[in-house]
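Listed here are the chains, written in short residue letters.
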Amino acid sequence: WGMKKQIPHDALVKRMLSEPGFPEAFFDTVLPDRIRQHIRWESLRIARNNFVDAELRQHFSDAFFEVDLDLSAGIEQLEIALLVEHKSNRDRFVILQVMRYMAQAFLNQDTVQQKKQSEEKLTPIFPVVIYHGKAGWQAKSFKELFGPGYEEIADLFINLPFAFYNISSKPDEEILAIEYDIVKAFFLAQKYSHDPKALFMSLAVISEIVGHGNASASLIVYIFKVLSSEYTKEEIIQQINSDMEPTFKSFYDKLIEE
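Residues numbered from 1 in each chain as written. Predicted model: local features only at pLDDT ≥ 70, side-chain atom pairs only at ≥ 80, totals over all residues. Heavy atoms only, no water.

**Q** Can you walk me through the pattern of salt bridges in this structure?
**A** When the charged atoms of two side chains with opposite charge come close together, those side chains can pair. Applying the stated rule across the entire model yields 11 salt bridges. Among the ionic pairs, Glu66 bridges to Arg45, the shortest N-O distance being 3.7 Å. Within this pair, whereas Glu66 is found in strand β2 (residues 63–69), its partner Arg45 is found in strand β1 (residues 39–46), the two being separated by 21 residues in sequence. Accessibility expressed as a relative area gives 0% for Glu66, which makes it buried. Here Arg45 falls in the partly exposed class, since its relative accessible area comes to 27%. For Lys191, the salt bridge identified is with Asp172, shortest N-O distance 2.8 Å. (Salt bridge = Lys/Arg side-chain N within 4 Å of Asp/Glu carboxyl O. Helix = DSSP H or I, 4+ residues; strand = E, 2+ residues; numbered from the N terminus. Buried < 20%, exposed > 50% of the residue type's maximum accessible area, 1.4 Å probe, protein only.)

Dropping the structure here:
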């Protein structure tokens, strides 16, 4: 194949979050009910530059979104920013990384407001961490980093809430029960991204899912890259749903061009 073995996990997440319809399905799947029930989904949009400046964009692969909320009949519109952090390896201090991004985003909001000579309130930010590494992992909250012994004053620590979604720990049955087909395919590909043989065995199911009008060039190219270390193009094509063969072949050509 002549391809590099390095798998661009972060690139897949960024590309998927830029595809029409995927962000709504993704956030509807991973956000806690307490937030999800207030969201006006038709308002979901890529965050404006008042959250992330040019310098910060160069240093992380996360994505910021904005969405309007329905919280009170007496308030015309509230909004919240959603920050996505993707991990393919365990990171003990992921919450500190997220906090750094959030702090910079709040400072950027303030800078924008100062330029406009405005004193608007800050827009809240809710972080989402998704993980698909080999090892089991549950991300720790901020106060959990300090270990036992602080229980009596734990309420004094910042208890920053965030959604942690461990794709690797989800049984296939739970993933296949997700409402959105494109999220099912994305999660299955991420779950087995470190195990080409398991991903190969899941190809028939994945190709059946994306065969329902949910084919994503980014996702299929990613799958080819994961499998290229163990399987030939012909073996991969033979494993997929026959209806999807032309689509997979066309995306293989896209991969060769890249």
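On we go.
**Q** What is the right way to read the packing of aromatic side chains from this model?
**A** A ring pair, where both rings are aromatic, is described by two values, the distance of the centres and the angle of the planes. Inspection of the entire model under this criterion finds 11 aromatic pairs. Between the aromatic rings of Phe146 and Tyr150, the centroid separation amounts to 6.3 Å while the plane-to-plane angle is 70°, which identifies the pairing as edge-to-face. The exposure class of Tyr150 is partly exposed, given its relative accessible area of 40%. Cluster of aromatic residues (ring-pair linked, three or more members): Phe22, Phe26, Phe27, Phe65, Tyr165, Phe186 and Phe187. Directly above the aromatic system of Tyr165 lies the positively charged group of Lys170, at a separation of 4.7 Å from the ring centroid. (Phe/Tyr/Trp six-rings, centres within 6.5 Å; stacked < 30°, edge-to-face > 60°. Lys NZ or Arg CZ within 6 Å of the ring centre and 35° of its normal.)

**Q** Looking at this model, I keep getting lost on helix α1 (residues 9–17). Mind explaining?
**A** Residues spaced three or four apart along an α-helix face the same direction, because each turn holds 3.6 residues. If you check which residues of α1 are buried, you get His9, Leu12, Val13, Met16 and Leu17. Looking straight down α1, one finds that the buried residues subtend no more than 125° of arc, so they occupy a single side. On its buried face, α1 sits against α2 (22–30), β2, β3 (78–87), β4 (125–131), α7 (181–191) and α9 (217–227). (Arc of directions from axis to C-beta. Contact = heavy atoms within 4.5 Å.)

**Q** Just checking my understanding: could you explain the packing of helix α8 (residues 196–210) against α9 for this structure?
**A** Each pair of packed helices can be summarised by the angle the axes make with each other and by the distance between the axes. Running from N to C, α8 and α9 cross one another at 160°; their axes reach a closest spacing of 10 Å. In this view, α8 runs roughly antiparallel relative to α9, as classed from their interaxial angle. Judged by the twist between their axes, the crossing of α8 over α9 is left-handed. Facing α8, whose interface residues are Pro196, Leu199, Phe200, Leu203, Ile206 and Val210, α9 presents Leu219, Ile223, Val226 and Leu227. For the contact of α8 with α9, the per-class residue count stands at 10 nonpolar, no polar and no charged. (Axes fitted to C-alpha atoms, helices over the stretch in contact; angles between N-to-C directions. Parallel < 35°, antiparallel > 145°, perpendicular 65-115°, else oblique. Left-handed = near helix turned anticlockwise from the far one by under 90°. Nonpolar A, V, L, I, M, F, W, Y, C, P; charged D, E, K, R; others polar.)

**Q** Any chance you could explain the sheet that holds strand β5 (residues 163–166) here in plain terms?
**A** The pairing of strands in a sheet happens through backbone hydrogen bonds and is either parallel or antiparallel. Strand order in this open sheet of five strands is β1-β2-β3-β4-β5, and the pairing throughout is mixed. Each edge of the sheet is formed by a strand with only one pairing partner; in this case those strands are β1 and β5. The mean angle between the axes of side-by-side strands here comes to 25°, regardless of whether they run parallel or antiparallel. Where β2 and β3 come together, seven bridges link them in antiparallel fashion. By the bridge assignment, Asp68 is partnered in β3 with Glu79. Here α1 sits on the sheet in contact with β2, β3 and β4, set at roughly 150° to β3. On the sheet, helix α5 (residues 94–115) packs against β2, β3 and β4 and is oriented at approximately 140° with respect to β3. (Pairing = 2+ DSSP bridges.)

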